[in-house]
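A closer look at the structure
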Amino acid sequence: EAGVTQSPTHLIKTRGQQATLRCSPISGHTSVYWYQQALGLGLQFLLWYDEGEERNRGNFPPRFSGRQFPNYSSELNVNALELEDSALYLCASSTFTGRETQYFGPGTRLLVL
Amino acid sequence: TQLLEQSPQFLSIQEGENLTVYCNSSSVFSSLQWYRQEPGEGPVLLVTVVTGGEVKKLKRLTFQFGDARKDSSLHITAAQTGDTGLYLCAGMYNQGGKLIFGQGTELSVKP
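Residues numbered from 1 in each chain as written. Chains lettered and ligands numbered in written order. Predicted model: local features only at pLDDT ≥ 70, side-chain atom pairs only at ≥ 80, totals over all residues. Heavy atoms only, no water.

1. Quick word on unusual backbone geometry
To keep it simple, the criterion reads: Segments assigned H or I by DSSP are reported as helices when at least four residues long, segments assigned E as strands when at least two residues long, and all are numbered from the N terminus. Any residue under 20% of the maximum accessible area for its type is buried, any over 50% is exposed, and the rest in between are partly exposed; the area is computed with a 1.4 Å probe on protein chains only.
Residue P8 of chain A is reached from S7 of chain A by a cis peptide bond, and omega for that bond is -10 degrees. Its location among the elements puts P8 of chain A in the loop between β1 (5-7) and β2 (10-13). Omega for the bond connecting S7 of chain B with P8 of chain B falls within 30 degrees of zero, at -5 degrees, which places this linkage in the cis form. The topology assignment puts P8 of chain B in the loop between β1 (5-7) and β2 (10-14). The phi angle at E51 of chain A is positive, at roughly 50 degrees, despite the residue not being glycine. Tracing the sequence through the fold places E51 of chain A in the loop between β5 (42-50) and β6 (53-57). On the accessibility criterion, E51 of chain A (45% relative accessible area) is partly exposed. The backbone phi angle of R69 of chain B is positive, close to 60 degrees, even though this residue is not glycine. Look at R69 of chain B and you get partly exposed, because its relative accessible area is 30%.

2. A few points about the sheet that holds strand β3 (residues 19-24) of chain A
Residue and element names in this part refer to chain A. Worth spelling out the cut-off: Criterion used throughout: strands pair if DSSP finds at least two bridges between them. Axis definition: a line fitted to C-alpha atoms, limited for helices to the stretch in contact. Angles are taken between N-to-C directions and run from 0 to 180 degrees.
If you trace the four strands from one edge of the open sheet to the other, you get β1-β3-β8-β7, paired in antiparallel fashion. Sheet topology places β1 and β7 (64-68) at the edges, where each strand pairs with a single neighbour. The sheet shows a mean angle of 20 degrees between the axes of neighbouring strands, taken without regard to direction.

3. Digging into the interface of chain B and chain A
Heads up, the condition is: Working rule for contacts: check all heavy atoms of both residues, and any pair within 4.5 Å makes them a contact. In short, buried area is how much 1.4 Å probe accessible area vanishes from two parts on joining, totalled over both. A pair is scored as a salt bridge if a Lys or Arg side-chain nitrogen falls within 4 Å of a carboxyl oxygen belonging to Asp or Glu. Any pair of nitrogen or oxygen atoms within 3.5 Å is treated as a polar contact; in protein, a donor-acceptor pairing is required on top of that, and neighbouring residues in sequence qualify only through side-chain atoms on both sides.
The partner chain A presents 19 residues to the 20 residues of chain B that form the contact. Between chain B and chain A lies a buried interface of about 1400 Å² when both sides are counted; carbon and sulfur atoms form 55% of it. Per-residue buried area on chain B facing chain A is highest for P43, G97 and F101 of chain B; these three make up 27% of the total on that side. Here chain B and chain A share zero salt bridges between them. For the interface between chain B and chain A, the tally reads seven residue pairs in polar contact (both at pLDDT 80 or more).

4. Some remarks on the side chain of R63 of chain A
All names here are of chain A. Assignment of secondary structure puts R63 in the loop between β6 and β7. For R63, the side chain forms a polar contact with the main-chain oxygen of A80, separated by 3.4 Å. Engagement of the side chain of R63 in a polar contact is seen with the side chain of E82, the distance being 3.4 Å. Apart from residues no more than four positions distant in its own chain, R63 is found in contact with N77, V78, N79, A80, L81, E82 and D85.

5. Re the environment of E106 of chain B
All names here are of chain B. Note on placement: E106 falls in strand β11 (residues 105-110). Classification of E106 as partly exposed rests on a relative accessible area of 36%. The sequence separation of E106 and S12 amounts to 94 residues, and the corresponding C-alpha distance is 8.3 Å. When near neighbours in sequence (up to four residues on either side) are disregarded, E106 contacts Q9, F10, L11, G85 and L86.

Written out as C-alpha cells, the structure reads:
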C-alpha cells in the first residue's frame, strides 16, 4: 500500500512569492494534516482537513491556507513568503476524524531566499 | 497551552548499551505516538499507545504509557548503530487532529 506522498520534494522561492505544496493521503484516509518543521522549532501543527473542510488550525497567520479536494488530496498555500517560512513541510493522513494515528509523508523542503 | 517535555535532547552511547527516552506533560493524552525521523525525511511511526499503563514491544524497543496517561517512555535494549536518529513523541489531547510534539531526542549510537 502506498504511503503519503508529497510534491515537490524541494521548492525554492524568493521573499514575497507564493508557494503551493501538494499531498496525497494513504488510500482510504479522509483526514489530512499539515505541519511545519523549522530548524530549532520542532514540529508545529498548521492545519487539519477532513471531508473537504478545514477542521482545525494552528497558530499561524492567514497567509497559510489550504484546501482538500474531493479525492482527499490536499494543497497548502503560503502567500507573501517570508524568510522564516523556510522549513520542512510535512503532510500526514489518518482514517476517521482527528483521533487516529497519523502517518507522515516525506515532506517538502521550502527554501525562501 | 499543552506542552510535551521530552528528555534527554541529545544522547550519545556505545553500541550494546541500553537507553531510555522520556516524554512528560501536565495534561492527559487521549493517545500518544512515537516516531523516528531521519534527516530530511518525514517521521516514521513506531507505535501508538492509548490505554493508561499500556506496554508495547517492538523488537528491542519497549514503549510504556503512564497510568494517568500524562507520560510515556521509550526504552531501547542493546542499542545498535542502526538505531541512530531523531526520536519524537507526539500527544493527542482530544483537540481535533492536532498532535503536540516533544522537542525530540537525537540519538547517536557509536560502534
